[in-house]
Amino acid sequence: MRTVFSTEELEPREQFDSWCTRMSESFAPAETWTESPDEFPATHRLLDLGALRISALGSPPVRLRRTQRHVRQSAPELFLLAHARAGGVAIDQNRCQGVLEPGHLLLYSYSQTHDAQLAPDGRTDIVELTVPRALVPLAAPQLDRLLATPLSTADGLGALLVDVMERLADETVPVTATTAPLLAQATLALTTAFLTHASDPQTPPEAHPQALALEMRAFVDEHLREPDLTPALIAAAHHVSVRTVHRCFEPCGTTPAAYIRERRLEQARRDLTDPQLRCTPIHAIASAWGFPRPSDFSRVFRARYGRPPSEYRAMTDGRPAA
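Residue numbering note: each chain is counted from 1, following its sequence as written. Only residues with pLDDT of at least 70 get local features here, since the model is predicted, and only at 80 or more are side-chain atom pairs given and counted; chain-wide, interface and lining totals rely on the full set of residues. The side-chain quantities take in all heavy atoms of the structure and omit both hydrogens and water.

Draft legend 1. View of the sheet that holds strand 2 (residues 31–33). In this analysis, strands are considered paired if DSSP registers two or more bridges between them. The helix count covers DSSP runs of H or I at least four residues long, the strand count covers runs of E at least two residues long, and both are numbered beginning at the N terminus. Pairing is antiparallel across the open sheet formed by 5 strands, whose spatial order is 2-5-10-7-8. Unpaired on one side and paired on the other, strand 2 and strand 8 (96–100) mark the two borders of the sheet. Across the sheet, the axes of successive neighbouring strands diverge by a mean angle of 10°, strand direction being ignored. In this structure, strand 7 (residues 89–93) lies alongside strand 8, joined through 5 bridges in antiparallel fashion. Paired with Gln 93 across the two strands is Cys 96, which belongs to strand 8. Every axis corresponds to a line fitted to the C-alpha atoms, with the helix fit spanning only the stretch in contact, and the corresponding angles, defined between N-to-C directions, vary from 0 to 180 degrees.

In structure tokens form, the structure reads like this:
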């Protein structure tokens, strides 16, 4: 599912032509040129999730242009969402000229003509999400309004989508044949929610519960150590009602409070098995993860893992239980 391509393994004079071939095969044919064709150190990492693909591109300045001839030759119904981690991208499409810089996403289509300049001021490092048009449940006019328009990732949905794209591109998320379609489904739901909100900022969060649920779970993981983490706090942070929070967790077969408790127990269990924390008292670990009363922690830990915390720690580090 993952492929890695690097021109640095080739002779300098072969690098640019090889990179052009790679781009044509991975995306679609286009006119491509650069000011330094005699040496073109570039990389392309691709993660194929089946329905979706994640690409990480690093290259010197290069220009790609898809003309009407290219579109007639090959017009895949694909949308690309690009995020620049370094450098930038300039896109001219649908009578719009957009410049992609860190902190934004840029949407463009391979079924229409476009002119793209990668790294206009130097080397660029971008992550791209490729989505088939058929999987995006938005009307053509809604999507056309977003083409070549920088979309801010400052809000919750955009920030979460960029985080998912980067984690998948950087291989920090394990991907198997079993998890790939599930990751594609979750990423597609989040992408749809982001584009829906971008096309109509007045759309309420309740309109995309799947993506909102993903955002809420990410929020929980970021605030597990806070003692006042409650469904009410989650609701306030996402500007929705507590009832909406509960509805978002229902498809997972759990409640917000149960999810918080489960994630805290998992983090405490991890710390109990960490050799570097062997001398840290159990009550300190429990308190750090939101269990201020040792008796309550011991009870819920035993119910979840079948042993009290002290016995579990002793078993995992090879010492006999006290």
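Draft legend 2. Representation of the pairing of strand 10 (residues 114–118). Summarising burial for strand 10: 4 of the 5 residues are buried, a large majority. The sheet contact formed by strand 5 (residues 62–66) and strand 10 spans 5 bridges and is antiparallel. Each residue of the ladder has a partner; that of Arg 63, found in strand 10, is Gln 117. In the sheet, strand 7 pairs with strand 10 via 4 bridges, with the strands oriented antiparallel. Within strand 10, the position partnered with Asp 92 by the bridge is Asp 115. Relative accessibility decides the category of a residue: with a 1.4 Å probe and only protein chains considered, values under 20% of the type maximum give buried, values over 50% give exposed, and everything between is partly exposed.

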